[in-house]
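Observations on the three-dimensional arrangement
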Amino acid sequence: MSTPVYIAFEGAEGCGKSTQARRLAGALDAVLTRETGGTRIGQRLRAILHDTDVTDLNDHAETLIVAADRAQHLAEVVRPALESGRHVVSDRSVYSTLAYQGYGRGLPVADVRSINVWAVADTWPDLVLLLTVPDNVTARRMSKRELDRFERAGDDFHRRVQNGFAEMAAADPDRWVIVDASGPIDKVSATIRRAVSERLGV
Ligand code: TMP
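Throughout what follows, the structure given in this document is the object of discussion. Source: prediction; values computed, not measured.

1. Topic: the pattern of salt bridges
The final tally for this structure, using the stated rule, is 11 salt bridges. The shortest N-O distance in the salt bridge between E10 and R92 comes to 3.7 Å. Of this pair, E10 sits in strand β1 (residues 6-11) while R92 sits in the loop between β3 (88-91) and α4 (94-104), and the two are 82 residues apart along the sequence. A relative accessible area of 12% places R92 in the buried class. Two residues, D59 and R105, come together in a salt bridge whose shortest N-O distance is 3.9 Å. Placement of D59 in helix α3 (residues 59-83) and of R105 in the loop between α4 and α5 (109-120) is noted, with a sequence separation of 46 residues between them. By relative accessible area, which is 28% here, D59 ends up partly exposed.

Quick look at the structure:
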């Protein structure tokens, strides 16, 4: 059995990462999970984060809530799965916090990172798959659903988030793979499967 790996999907809302995470987890027989909301406690935290009636959540408090979700998720789901020999595929990870709360909300990225070092300890994703799609594709997909609190944050916010992801990917190319997710679903899945095999040998 190969050493278990922890793979995270990142990207904009509507980029197709949930579908691709599910497909990759199936192919690897991995535990499929997500942040936020990958645990029962996390689901309660996620409800606060996404609630459009929550209009007064402070950016620092938001950052601590996503970090709390993560601490619970890593302790309850990710580490036990890895320790039992299973691969883990997660829809989002610590890098979403750096992108959304750091680059997006404009909090100092070094501060956001140090809070998360405590939540993550040594369980950082082995590989991050950053799914990219042109802005107009995301906008079209978004127009078909009711938007949550993050999705209503505005174009500039989302542009900063995407720039943040791109910057982190460029700075850490051994850990990140950028995948053009604008093509047919099967083609994107094949690209991802190939990248995971090349990078991690699984
Ligand atoms: P998703 O379930 O569609 O991926 O949406 C989750 C939303 O939560 C998305 O808008 C990004 C946001 N989010 C953060 O702002 N920080 C985080 O750390 C995580 C995991 C998600």
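2. Re helix α2 (residues 40-50)
For α2, every residue scored as buried is listed here: G42, L45 and L49. Angular distribution of buried residues about the axis of α2 spans 65 degrees; they occupy a single face of the element. Away from the buried face of α2 by more than 90 degrees, exposed residues R40 and R44 are located. Along its buried surface, α2 packs onto α3.

3. Details of the environment of A169
Note that A169 resides in helix α7 (residues 155-171). For the pair A169 and L129, spaced 40 residues apart in the sequence, the C-alpha separation amounts to 9.3 Å. The contacts of A169, once residues within four sequence positions are left out, are L130, W176 and I178.

Parameters and conventions
- Along each chain, residues carry numbers from 1 onward, in the same order as the chain's sequence is written.
- Given that the model is predicted, a residue must reach a pLDDT of at least 70 before its local features are reported, and side-chain atom pairs must reach 80 or more before they are shown or counted; all residues, however, enter totals for whole chains, interfaces and linings.
- Water and hydrogen atoms play no part in the side-chain values, which are based on all heavy atoms of the structure.
- Any carboxyl oxygen of Asp or Glu within 4 Å of a side-chain nitrogen of Lys or Arg constitutes a salt bridge here.
- A helix here means a DSSP run of H or I that spans at least four residues, while a strand means a run of E at least two residues long, and both kinds are numbered starting from the N terminus.
- Buried, partly exposed and exposed residues are distinguished by accessible area as a fraction of the type maximum, computed with a 1.4 Å probe on protein chains only: under 20%, between the cut-offs, and over 50%, respectively.
- Arc, as used here, means the arc of the directions from the helix axis to the C-beta atoms.
- We call two residues in contact when some of their heavy atoms are within 4.5 Å.

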